[in-house]
Amino acid sequence: MQQQQPGMQQAQPMAQPPNMVSGKDQLYITDMLSWNLNACKKAHFFAQQCQGPELQAALEQAGQMHQRHYNKILEHLNNQSQPIN
């Protein structure tokens, strides 16, 4: 069991995203996109190098997961860029 120090609270998720994105937030979003794209490409590359079908399938599945994450981040960004009426 993990103990918390007095005065330390766990972060709560935001109910709604802020209307603007800070420079630090933008850099982190760019990093998340880069990490997921890179992981997707590497998983696909290494899956092509494998001879075992189980390992190849697992790597392809991991690559597809990272691609879904990448697309989900882009989807969130595109939804936020729509004007609010």
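Now for a look at the structure at hand. Just so it is clear, the structure is predicted and the values come from calculations on it, not from any experiment. (Residues numbered from 1 in each chain as written. Predicted model: local features only at pLDDT ≥ 70, side-chain atom pairs only at ≥ 80, totals over all residues. Heavy atoms only, no water.)

## Some thoughts on the packing of aromatic side chains
Counted according to the given criterion, the structure contains two aromatic pairs. Ring geometry for Tyr28 against Trp35: centres 5.8 Å apart, planes inclined by 80 degrees, an arrangement best described as edge-to-face. Between the aromatic rings of Phe45 and Phe46, the centroid separation amounts to 5.2 Å while the plane-to-plane angle is 75 degrees, which identifies the pairing as edge-to-face. Phe46 sits in the partly exposed class, given a relative accessible area of 43%. (Phe/Tyr/Trp six-rings, centres within 6.5 Å; stacked < 30°, edge-to-face > 60°. Buried < 20%, exposed > 50% of the residue type's maximum accessible area, 1.4 Å probe, protein only.)

## A short note on the pattern of salt bridges
With the rule as written, the count across this model stands at one salt bridge. Among the ionic pairs, Lys72 bridges to Glu75, the shortest N-O distance being 3.6 Å. On the criterion of helical spacing, the pair formed by Lys72 and Glu75 is a turn pair, its members being three residues apart in helix H2 (residues 53-80). Accessibility expressed as a relative area gives 41% for Glu75, which makes it partly exposed. (Salt bridge = Lys/Arg side-chain N within 4 Å of Asp/Glu carboxyl O. Helix = DSSP H or I, 4+ residues; strand = E, 2+ residues; numbered from the N terminus.)

## Side note on the environment of Ala57
Along the polypeptide, Ala57 turns up in helix H2. A sequence separation of 10 residues divides Ala57 from Ala47, and the C-alpha atoms of the two residues are 7.3 Å apart.

## Some details on helix H1 (residues 23-49)
The first and last C-alpha atoms of H1 sit 39 Å apart over 27 residues, in line with the 39 Å expected at 1.5 Å per residue. Of all the positions in H1, only Ile29, Leu33, Asn36, Cys40, Ala43 and Ala47 are classed as buried. (Expected span 1.5 Å × (residues − 1).)

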